[in-house]
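# Notes for the structure review
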Amino acid sequence: MASGAFAESGADLELVGIQKRFPGFTAIEHLDLTIPAGSFFALLGPSGCGKTTTLRLVAGLEDPTEGKILIGGKDVTNLKPYQRQVNTVFQSYALFPHMTVLENVAFGLRRRRIDDAVGKAHEALRLVELDHLSARKPQQLSGGQQQRVALARAIVNRPALLLLDEPLGALDLKLRRQMQLELKSIQEEVGLTFVHVTHDQEEAMTMADTVAVMNKGEIEQLGAPEELYELPRTAFVANFLGQSNLFTGHVSGSTSSSISVDVEGTKITVPTKRAQRHKGEVTVGVRPEKLHLHKDAPKKSPDINTLGPGRIIDVSFSGVSTQYMIAIPGIGTVSVFQQNMTFGPLAGEGAEVWVSWNVDHGFGLEDEPSPTPRFPADTDTATIAVQKKRALMSELEEA
Amino acid sequence: MTLQEGRVVSRAVTRPAPPSRRGARLGVGKWVLPIYAAIAFVFLLIPIAYTFVFSFNDSVKSNIVWRGFTFDKWLNVCDQIDVCVAFGNSLIIGITATIAATILGTMIAIALVRYRFRFRSAISLLLFLPMATPEVVLGAGLAAEFLGAGVQKGLGTIIIAHTMFCVSFVVVTVKARVSTLDPALEEAGRDLYGSPNQVFWRVTFPLLLPGIIAAALLSFALSFDDFIITNFNAGTTSTFPKYIYISAARGIPAEANVIASAVFFLAIILVLAAQISSAVKRKRLAKVG
Amino acid sequence: MAFSAFATGTAQEQAPRRKSKIALLLLLPGILYLMLFFLVPLVSLVITSFQAPVPYGDIGEFQTAFKWQNYVDVVNTYGEHILRSFGYAILATIFALLFSYPLAYFIGVKARRWPLLQNLMLVLVIAPFFISFLLRTLAWKSILSDESFVISGLKALSLMAPDAHFTGTAAAVVFGLTYNFIPFMTLPLYSNLQQLDTRLLEAGSDLYSTPSKTFFKVTVPLSMTGIVSGVLLTFIPAAGDYINASRDFLGGTGTAMIGNVIESNFLVTLNYPVAAALSIILMAVILVMVTVYVKRSGTEDLL
């Protein structure tokens, strides 16, 4: 049962063997996850990957088909939402339209009969700098203000765990940046455990201490943002977080510190500790901004991987940098970002160029190399629609 | 004619026509619909105006020929005691049937949206059928039932009949409101430590209230103006529409026009007041926000 | 919640059972009421429709029988009235649709920029509801009577033959039905068109569609649910109406509809089986027509 007291501090969240099936499809296959107390945790993934379902399971708005949910070590799997010390900032904010901002914020406190609900609500509104609007109705506020009220309404309850369901999705870019900073500073101030669901990789990377990349109901990789970016373990992560050049080939040799992969006759070397697989067919990759562009064949060196010659097939200028697409026979198309240190492109379309990168910058994936497209398709809309229809049909039959 | 804006865009984008011609056509097209609407409204209001004007007719028995202007009928409505009795009966029936139908219908609407149960489609059909059944059939059916059961027809049977046909309309109206509610609002209520009971009374019900009020007003209007079903189940009891039907052959007294006009203006004032107050509220919201 | 049947564990299993108890409590009174005062009456209509007169009994005395012959007699005697009812109702529905669509379009789409005006116009549309249905019809009877200036004016202009009448004719009955059910047509059309996304019309014209093509290929299909509910709301009461066709209102000797026949058989001549059989026929025909119509227009989820 929910006690009348506030949580002393953030609690850790543990999901053990969670499975969630809806009639007709499985939203979450098998999920084990531990989120340490006091952290800012982001669940990142494309739509339909199961991240929102995970959040709703934690909030108690859905029941897991299998598995256990523990908050602060206590099993809450069978507790109703109103019995859990968890609060949610909903994607649509879900502010009660018939109540004032103050009444909205005080709602949870009043339900738990906590003393001085009004005073505490004002305090929470001061934290989000909206106390002067406490007498208004939610409809009178801008999107950003509504978002802050939703946040105040959740944190005023001092939950052990605060769940944020794409709370910034409805805001424009500038406001979103502002809110990201604000959220982050509030989290640091109140010291709760934040679980943030988003499909925006930049948002996840700037705000969270730990990011879990979800795909098709499973966690692909979990770690600090830099780690995920610099050392992606799967092709999905390599391409969902930024872009990657991926090459597949056979491991042709290895030393104590590195392995060499034969990609259509070209040797690509990757440090052993940055490669997940050391034998057989493997996929290796490198981020486009780590590549250098050369107009003449660069000198061979064991520390440098070189590809080429190839031809530039596209040049696109994007302010800070310029992206070059280079078609290299036998290898495919390679993408290179070059910072715009000088005016004008280094080389024009059709020019013959070589690319190189420091061996230390490469990474090797753990995926079984398969003819995956460079940018793996998300669950496409047709499939989602079919699943949805099946779900509805079986729901109707059941009724 | 109707697709003014669409056409302007297409013209501008795809094949710019000479501006003069476009301007001329636009000018005509622009006025066709407003003029049509104005004529349509006049047409809709003609019988109302007629009824209102003839409430001032200094008629003797029938109220067909204009015999001069008088306020008498407005001042002494109940001189025609039958009109007043019929009107009173209509009010009693309308209020009672509205209360009963609103309670029954709201309960069903909430159950339909919030719970799942067996026989759902059978229940939906049972709710839909009264609306798809012509009033004569509803009236004759009930009358046949009362006849078979030997029930004396009167005020009670009319109220029973009116409640019956209002329930479905209440369900539809309230259900529409329930289904526009963002389910996240109730989830937020549960998330914020509201028990199911508290969530219902503090979140769901207040948000449903406008729909419930609309349903009650609709019920009253349907009941007050019903004649066909009433006619089959009234026995000797008179209601306002029934009184008019019976007197139609020999002529309606101007007092009936007075009551009808008064009810009309009362209803219009209520509706306009609601409109204006919501407009004022909107404006205030806009100004503050 | 919706999927709670798939949950495991005792706590969840108890929840739906408790819930369905509440659902039952909420549903039971209303459903029982409708069964008692809607379904049972329909059944008693069916029973009555097969009744036979009590031998040597008074007028209005019947006994339970299984007299199929009632239906044959009814169709033979009143076939004309049945056909006429549906003919009038179909015409009135078409006229009401033609009248209402541009009006609803104007209020729902063109007047969007002025919400107050939009609401005022809606009040005007429903204004006829606020005055007695019967008085409205009687008002038209007076306005369009032979002595009225409308008709005498038309005669003076030779637009009408000198000895012609308007009241008492089929045209007058269809006119009355149309007028009385216009709000039932306009309101559902309005509430549908009001949600019409005008960007779709712009997309239509951007894709080389002329205004009239856009109207018939985009606007009309999008407003189909509104059209269907308007048509049903107009057609059903119009088919069963007996006020407009009554001789005291807009009808005449040759305009009686099925409703008039039901009324006079039930309330005047106390010939209950005939009235009941006619009611069952009316109801059956309407249900068949409605089902076919709704299926064909592809809007089955009206309720």
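Residue numbers restart at each chain and count upward from 1, following the sequence in its written direction. Just so you know, chain letters begin at A and ligand numbers begin at 1, following the order they were written in. Selection of residues for local features in this predicted model requires a pLDDT of at least 70, selection of side-chain atom pairs for listing and counting requires 80 or more, and totals for whole chains, interfaces and linings are taken over all residues. Think of the side-chain values as coming from all heavy atoms in the structure, minus any hydrogens and water.

In the annotation of an unreviewed UniProt entry, the entry for chain C reads ABC transporter permease, and the organism field reads Terrimesophilobacter mesophilus.

## Details of the overall build of chain C
Within chain C one finds eleven helices and two strands. Helix and strand assignments come from DSSP, with helices taken as H or I runs of at least 4 residues and strands as E runs of at least 2, each series counted from the N terminus. Counting from the amino terminus, chain C carries its helices and strands in the arrangement α-β-β-α-α-α-α-α-α-α-α-α-α. Radius of gyration (C-alpha) of chain C: 25 Å, far over the 19 Å computed for a compact globule of 303 residues. The principal-axis extent of the C-alpha atoms belonging to chain C is close to 70 × 65 × 35 Å. For every residue, the accessible area obtained with a 1.4 Å probe (protein chains only) is divided by the maximum for its type, and the residue is called buried under 20%, exposed over 50%, and partly exposed between those limits. Counting every position in chain C, which comprises 303 residues, the buried fraction comes to 52%. Whether two residues are in contact is decided by their heavy atoms, any of which lying within 4.5 Å being enough. Within chain C, contacts between residues at least 6 apart in sequence are counted, and of these 66% link residues at least 24 apart. Here the open area of atoms and residues is found with the Shrake-Rupley method and a 1.4 Å probe, where only the protein chains shown may cover a residue. With the model as given, the accessible surface of chain C reaches about 14,100 Å², and the carbon-plus-sulfur share is 67%. This count recognises Lys and Arg as positive and Asp and Glu as negative, with His and chain-terminal groups excluded. Charge positions are represented by NZ for Lys, CZ for Arg, CG for Asp and CD for Glu. Charge-centre separation for chain C: the mean point of 18 positive side chains lies 12 Å from the mean point of 16 negative side chains. As a reference, a globule follows 2.2 Å times the number of residues to the power 0.38, and the radius of gyration itself is taken over C-alpha atoms.

## A closer look at the environment of Gly226 of chain C
All names here are of chain C. With respect to the helices and strands, the residue Gly226 is situated in helix H9 (residues 224-240). Residues Gly226 and Tyr190, 36 residues apart in the sequence, show an inter-C-alpha distance of 7.7 Å. Not counting residues within four places of it along the chain, the set of residues in contact with Gly226 comprises Pro188, Leu189 and Asn192.

## Structural notes on the confidence of the model for chain B
The pLDDT value tells you how sure the predictor is about a given residue, anywhere from 0 up to 100. Per-chain confidence: chain B averages 84 in pLDDT, with 88% of residues scoring 70 or above. Mean pLDDT in chain B bottoms out at helix H1 (residues 4-13) of chain B, which sits at 37, and peaks at helix H10 (residues 228-233) of chain B, which reaches 94.

## Let's talk about the nonpolar core
Here is a general trend for soluble globular proteins: nonpolar side chains tend to be buried in one another's company. We define a nonpolar core as any set of buried Ala, Val, Leu, Ile, Met, Phe, Trp, Tyr and Cys residues linked to one another through side-chain atoms lying within 4.5 Å. In terms of nonpolar packing, the biggest core is built from 159 residues, with Leu13 of chain A, Met164 and Phe232 of chain B together with Ile243, Ile262, Leu278 and Leu282 of chain C touching the most fellow members. What Leu13 of chain A contacts, discounting residues up to four positions off in sequence, is Leu33, Thr34, Ile35, Val58, Ile69, Leu70, Ile71, Leu161 and Val195 of chain A. If you look at the next biggest cluster of nonpolar residues, it comprises 47 residues, including Leu95, Val149, Ala154 and Val190 of chain A.

## Section: helix H1 (residues 51-59) of chain A
Residues and elements named next belong to chain A. Among the nine residues of H1, seven are classified as buried, and the element is accordingly described as predominantly covered. Lys51, Thr53, Thr54, Leu55, Leu57, Val58 and Ala59 are the residues of H1 that are buried. Within two residues after H1, Gly60 carries a phi angle of roughly 90 degrees, on the positive side.

## Let's talk about the pattern of salt bridges
All names here are of chain A. Think of a salt bridge as a Lys or Arg side-chain nitrogen and an Asp or Glu carboxyl oxygen that are within 4 Å of each other. Considering all chains together, one arrives at eleven salt bridges over all chains under this definition. Measuring nitrogen to oxygen at the nearest pair gives 3.2 Å for the salt bridge that ties Lys290 to Glu230. Here Lys290 is found in the loop between strand S14 (281-286) and strand S15 (292-294), whereas its partner Glu230 is found in helix H7 (residues 225-230), with 60 residues between them in sequence. Residue classification places Glu230 among the partly exposed positions, given a relative accessible area of 33%. Where Arg233 meets Glu366, a salt bridge forms, and the shortest distance between an N and an O atom there is 3.4 Å. Of this pair, Arg233 sits in the loop between H7 and helix H8 (235-240) while Glu366 is found in the loop between strand S20 (363-364) and helix H9 (381-398), placing the two residues 133 residues apart along the sequence.

## Topic: the sheet that holds strand S2 (residues 25-35) of chain A
All names here are of chain A. Here a strand pair is declared whenever DSSP counts at least two bridges between the two strands. Pairing within the open sheet is antiparallel, and its four strands lie in the order S2-S1-S4-S5. Since the sheet does not close on itself, it has two edges, and those belong to S2 and strand S5 (74-75), each with one partner. Pairing of strand S4 (residues 66-71) with S5 involves two bridges; the strand directions are antiparallel. Paired with Ile71 across the two strands is Lys74, which belongs to S5.

## Some remarks on the side chain of Ser90 of chain B
Residues and elements named next belong to chain B. Of note, Ser90 is situated in helix H4 (residues 81-114). Overall, the relative accessible area of 3% leaves Ser90 in the buried class. Once residues within four sequence positions are removed from consideration, Ser90 is found in contact with Phe224, Thr239, Phe240 and Pro241.

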